[in-house]
Amino acid sequence: MNRIVAPLALLLFLPLFGLAAPFLFSGNDSLATGTLSHLWNFVLGGYIASTLVLILGVGVGVFILGVGNAWIIANYDFPGKKIFEWALILPLAVPTYVMAYLFVDLLQFSGPIQSTLRAILGMDSLWFFPDPRSLSGAIWSFSFCLFPYVYLITRTAFLERSGRLIEVSETLGYSQLQGFFKLVLPMARPAIFAGMALALMEVLADFGAVSYFGVQTFATGIFKAWLSFGDRVAAVQLALGLLSFVLLIFFIEQSSRSKLRYASSARGRALAKPLTGKGALFAFAFCGVTLLCGFLLPAFALLQLLFKQGLTIDIRYLDWLTNSLAVSILTAVISVVLAVFFAYSVRMNPRLSWVNRLLGFGYALPGAVLAIGILSFLEIFQLAWWMSASILVLVYAYLVRFLSSSLQSVEAGLARITPSMDASAALLGLSRSQILKQVHVPLLKRSLITAGLFVFVDVMKELPATLLLRPFNFDTLAVATYQLAADERLAELALPSLTIVLVGLFPVLVLSRVISKS
């Protein structure tokens, strides 16, 4: 088993080699001339500026929404808290590109909000109303879609120590607000950074939403260089630029967790303080507006679009659904098997722990970067025809991208199994494979189901890698939704979008059960 672990892990690391392959095997120099020179002279500066502004704006947005809601839910009792504490993670079920389409549909000139305001105010146009299809609209949409990453991690950190810290700050003469900024917020910094890093990596990896908003980022530049200009070297170089952004965020997140360690000597949790009057109204309004903009309004817009479409169903819908289910189920099953293999191998031989850290890096790869790496690798060895022949290349990309999520779930399940059980089974004469089959797998059943479920949903929502690597005439629900939105056929995208959202609700409901029990 140990002889297979390292080669198999390196096989899942080949896309990074594909990013370097064009420079090793190609004489095409587009740094000085050609596509990249054109991009550098005219648009690359705009890509960098818009990408930086986008991640800065979204960072501020998810910080305010995530930390604010986490603080209120963790420390106060008010009407509706029991619902808000799990409902605030529902925006995770809505893919960012679906949120973008619905956000624009709600706020555009012909949308229900502007139409209602014009009727109330008796105006032909609302000159003061901001354009939803803009960089600020993208920041707003991403913030409400991705803040649950910060909310989930920060809420846990606040529950562990914020109540005790506030009590300490009050004994020092600080108000609750002063205690929050001077004690609680610095102590929760690693958790906040971790959540913000996850959200910002999703922003950098996104293509569907930013292209619909008309925001030119590195991701849109990669697609333009590859599909419009047909220059794979320029696409690879832009992919490496995007990867450097991701690695910087990944490094900051890892550093924040490794260097900032704080012990908490307090036992138990401080009781949440009841709120009444204006305080309760503010808490309810803050959480309610966040939930309204992050999930309820998009869900309402989806149902409205579905109602407009009526009972007619696109004849291609069943093909989209079948294709999505096929690749999602296949990837989920393979990822769970590989996760069990790698996690159990590391359990038996701790010296192989570097393998799991290597595989965890795949989640940090944006879908566009991953696809470009695979395409470059296949083209070097003249194997690109595999994409049109089967879905194996697409499944391979999904495994590289999402194996880490199933691996973490399986590792967490194995950590709860005491090593003494392995020793007892070995004394009974069971081999390692028998111990895995007869002892570990039955105990890991819940973790395996959870791991497969999360990978299944991630694959259903994945867009950039699917757009670049899918076989001919193979469209998934995500691809169909993107193409319908690009053609401004918003009513027709209601059913595939709603299907993706409903599937995404399954892991959210699992998380909500965990939160309600905690």
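Let us look at the structure shown here. (Residues numbered from 1 in each chain as written. Predicted model: local features only at pLDDT ≥ 70, side-chain atom pairs only at ≥ 80, totals over all residues. Heavy atoms only, no water.)

1. Some points on the overall build of the chain
And then number 1: The helix and strand tally for the chain stands at 25 helices and 2 strands.
And then number 2: Put simply, the chain has 518 residues, and 53% of those count as buried.
And then number 3: Sequence-distant contacts in the chain: of pairs separated by 6 or more residues, those separated by 24 or more amount to 82%.
And then number 4: Of the roughly 24,000 Å² that the chain leaves accessible, carbon and sulfur atoms contribute 68%. (Helix = DSSP H or I, 4+ residues; strand = E, 2+ residues; numbered from the N terminus. Buried < 20%, exposed > 50% of the residue type's maximum accessible area, 1.4 Å probe, protein only. Contact = heavy atoms within 4.5 Å. Areas by Shrake-Rupley, 256 points an atom, 1.4 Å probe, with all protein chains shown as cover.)

2. What to know about the packing of aromatic side chains
Any aromatic ring pair is given by two values, namely how distant the centres are and how the planes are angled relative to each other.
And then number 1: Applying the stated criterion across every chain yields a total of 12 aromatic pairs.
And then number 2: When the centroid spacing of 5.5 Å and the interplanar angle of 85° are considered together, the rings of W71 and F158 count as edge-to-face. Within this pair, whereas W71 is found in helix α4 (residues 44–75), its partner F158 is found in helix α8 (residues 135–171), the two being separated by 87 residues in sequence.
And then number 3: Judged by relative accessible area, F158 falls into the buried class, the value being 1%.
And then number 4: Through a chain of ring-to-ring contacts, three or more aromatic side chains come together here, namely W71, Y76 and F158.
And then number 5: One Lys or Arg, R133, reaches over the ring of Y212 and ends 4.1 Å from the middle of that ring. (Phe/Tyr/Trp six-rings, centres within 6.5 Å; stacked < 30°, edge-to-face > 60°. Lys NZ or Arg CZ within 6 Å of the ring centre and 35° of its normal.)

3. Brief notes about the side chain of N75
And then number 1: Mapped onto the elements of the fold, N75 is located in helix α4.
And then number 2: N75 sits in the buried class, given a relative accessible area of 9%.
And then number 3: One polar contact links the side chain of N75 to the main-chain carbonyl oxygen of W71, over a distance of 3.1 Å. (Polar contact = N/O pair within 3.5 Å; in protein donor to acceptor, adjacent residues only side chain to side chain.)

4. Things to note about the nonpolar core
And then number 1: Counting 167 residues, the largest nonpolar core has F78, Y101, F142, F158, F342, I372 and L469 as its most contacted members.
And then number 2: Sequence-distant contacts of F78, defined by excluding residues within four places in its chain, comprise I72, I73, F84, L275, A280, A283, F284 and C287. (Core = buried A, V, L, I, M, F, W, Y, C linked by side-chain atoms within 4.5 Å.)

5. So, unusual backbone geometry
And then number 1: Positive phi is not limited to glycine here, since N473 has a value of about 60°.
And then number 2: Along the chain, the position of N473 falls in the loop between α23 (464–469) and α24 (477–486).
And then number 3: The class for N473 is exposed, based on a relative accessible area of 79%.
And then number 4: Even without glycine at this site, E488 takes up a positive phi of about 60°.

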